[in-house]
Amino acid sequence: MFEDIKPHLYELRKRLGISVVTVLVMFFVMFSFWQPILHWMIAPLEAVLPKGSSVIFTKIQEPFFTALKVAFFAGFIASLPVIFWQLWLFVAPGLYENEKKMVLPFAVGATFMFLTGSLFAYYVVIPFGYDFLINFGSQLFTALPSIGDYVSFFTKLILGFGLAFELPTITFFLASIGLVTDETLKGFFKYALVVIFLVSALLTPPDVLTQFLMAGPMILLYGLSILIAQYINPEKKEDDE
């Protein structure tokens, strides 16, 4: 039994190794540009800060570790095409020849959807969320957000939206190999709603508006996934009839 698993473990180690090395290389590249990247990251926050407020750091080591976080985050985003490519190559041995040819569309589509979700979070969710949270008590308090806390929350939100927008891509893959149908997704819809709102509550600031800004697109993406599954496997319904 172990001998049967061993080749898969070797393959997994190989694909993980390539992905990790890629992220590390991109980390060192991005570390040279961490300041302009950080400026891009804090732009939505600075746009809603009241007059007299500014972004600060409260610990001596905070600027250095923030630079590391920024470089790693940017390096990970830049490595996504390779990561998705390696993910596909790991599962490819168990696929048919025609399915193996989908590696390029999968890597490009998965990267595109991740970036789409990230940009939606950056241009829509983060400005709305921080505008509400920061200005809620601005008459009584002075906002002095910590750069370390902001970057941690920013990366969490960007990664959360990026992963959420992968749903159509994942559905396309699973439907292509026959593991998911539109009927399956329709039957799971009521449970999916609960999961979507739980995830939205965990990944967004504690206000209803921001949570709906995440839950709304995820529900639409789920509906899109149903249409994708229906398009990929229309013959199954014909056979059942």
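Anyway, here's the lowdown on the structure attached to this text. (Residues numbered from 1 in each chain as written. Predicted model: local features only at pLDDT ≥ 70, side-chain atom pairs only at ≥ 80, totals over all residues. Heavy atoms only, no water.)

Concerning the overall build of the chain
Of regular secondary structure, the chain possesses 12 helices and 0 strands. Listed N to C, the secondary structure of the chain is α-α-α-α-α-α-α-α-α-α-α-α in terms of helices and strands. A burial count over the chain gives 41% of its 241 residues as buried. The long-range fraction of contacts in the chain, counting pairs at least 24 apart against all pairs at least 6 apart in sequence, stands at 83%. When the accessible surface of the chain is summed, it comes to about 14,200 Å², and 72% of that surface belongs to carbon and sulfur atoms. (Helix = DSSP H or I, 4+ residues; strand = E, 2+ residues; numbered from the N terminus. Buried < 20%, exposed > 50% of the residue type's maximum accessible area, 1.4 Å probe, protein only. Contact = heavy atoms within 4.5 Å. Areas by Shrake-Rupley, 256 points an atom, 1.4 Å probe, with all protein chains shown as cover.)

A few points about the pattern of salt bridges
Counted under the stated rule, the structure contains 2 salt bridges. Note that Arg15 is salt-bridged to Glu11, the shortest N-O span being 2.8 Å. In this pair, Arg15 and Glu11 are both assigned in helix α1 (residues 2–31), 4 residues apart and thus about one turn of the helix distant. Look at Arg15 and you get buried, because its relative accessible area is 14%. Lys186 is the partner of Asp182 in a salt bridge, and the nearest nitrogen-oxygen pair spans 3.7 Å. Residue Asp182 and its partner Lys186 are located together in helix α9 (residues 182–187), separated by 4 residues, close to a single helical turn. Classification of Asp182 as buried rests on a relative accessible area of 3%. (Salt bridge = Lys/Arg side-chain N within 4 Å of Asp/Glu carboxyl O.)

Describing a nonpolar patch on the surface
Taken together, the side chains of Val21, Val25, Val29 and Phe33 present a nonpolar region at the surface, about 340 Å² in accessible area. Locating Phe33 in the fold gives a position in the loop between α1 and α2 (34–48). (Patch = residues over 30% accessible without salt bridge, like charges linked within 9 Å, V, L, I, M, F, W, Y side chains within 5 Å.)

A short note on the nonpolar core
If you look at soluble globular proteins, the nonpolar side chains tend to sit buried side by side. Ranked by internal contacts, the top residues of the largest apolar core, which has 47 residues, are Tyr150 and Phe154. Listing elements by their share of this core, those giving two or more residues are α2, α3 (62–78), α4 (80–91), α6 (103–136), α7 (147–164), α10 (189–203) and α11 (208–232). Counting residues in hydrophobic clusters, the runner-up holds 9 residues, among them Leu185, Ala192, Tyr222 and Ile228. (Core = buried A, V, L, I, M, F, W, Y, C linked by side-chain atoms within 4.5 Å.)

Let's talk about the packing of α2 against α6
Following both chains from N to C, one finds α2 and α6 inclined at 40 degrees, their axes separated by 8 Å at the closest point. Taken together, α2 and α6 sit at an angle that is classed as oblique. As for how α2 packs across α6, the hand of that crossing is right-handed. Taking contact as the criterion, the partners of Trp40, Met41, Ala43, Pro44, Leu45 and Val48 in α2 are, on α6, Tyr122, Ile126, Pro127, Tyr130, Asp131, Ile134 and Asn135. Of the residues contributing to the contact of α2 with α6, the split by class is 11 nonpolar, 1 polar and 1 charged. (Axes fitted to C-alpha atoms, helices over the stretch in contact; angles between N-to-C directions. Parallel < 35°, antiparallel > 145°, perpendicular 65-115°, else oblique. Left-handed = near helix turned anticlockwise from the far one by under 90°. Nonpolar A, V, L, I, M, F, W, Y, C, P; charged D, E, K, R; others polar.)

Thoughts on the side chain of Ser19
Positionally, Ser19 belongs in helix α1. Those residues within four positions of Ser19 in sequence are excluded, and the remaining contacts are Ile83 and Gln86.

Here's the deal with the environment of Phe65
Counting through the fold element by element, Phe65 comes out in helix α3. Note: C-alpha distance between Phe65 and Gly148 (83 residues apart in sequence) is 7.8 Å.

Describing the layout of surface pockets
Size it by volume and the largest pocket reaches roughly 260 Å³. Together, 13 residues line the largest pocket, and Ala164, Leu167, Val195, Ile196 and Met218 are the ones closest to its centre. In terms of residue class, the lining of the largest pocket is built from 12 nonpolar, 1 polar and no charged. (1 Å grid on protein atoms, 1.4 Å probe; cavity = no way out; pocket = protein on both sides within 12 Å on 5 of 7 lines; lining within 4 Å. Points joined across faces, edges and corners; volume = space filled by probe spheres on them.)

Remarks on α3
A turn of α-helix holds 3.6 residues, and therefore any two residues three or four places apart point the same way. If you check α3, its first and last C-alpha atoms are 24 Å apart, about what 17 residues at 1.5 Å a residue would give, namely 24 Å. Within the sequence span of α3, burial applies to Glu62, Thr66, Ala67, Val70, Ala71, Phe73, Ala74, Gly75 and Ile77. (Expected span 1.5 Å × (residues − 1).)

A word on α6
With 34 residues, α6 extends 47 Å between its outermost C-alpha atoms, agreeing within 8% with the 50 Å of an ideal straight helix rising 1.5 Å per residue. Taking the largest bend as the criterion, α6 deviates by roughly 40 degrees, centred on Val125, and proline Pro127 comes between one and four positions later. (Bend = angle between axes of the 7 residues up to and from the residue.)

Quick look at the packing of α6 against α11
α11 packs onto α6 with a crossing angle of 155 degrees between their chain directions and a minimal axis gap of 9 Å. Overall, the two elements α6 and α11 adopt an arrangement that is roughly antiparallel. Crossing hand, α6 versus α11: right-handed. Across the interface between the two elements, Met113, Phe120, Val124, Val125, Phe128 and Gly129 from α6 touch Leu209, Thr210, Leu213, Pro217 and Leu221 from α11. Grouping the constituent residues of the contact of α6 with α11 by class yields 9 nonpolar, 2 polar and no charged.

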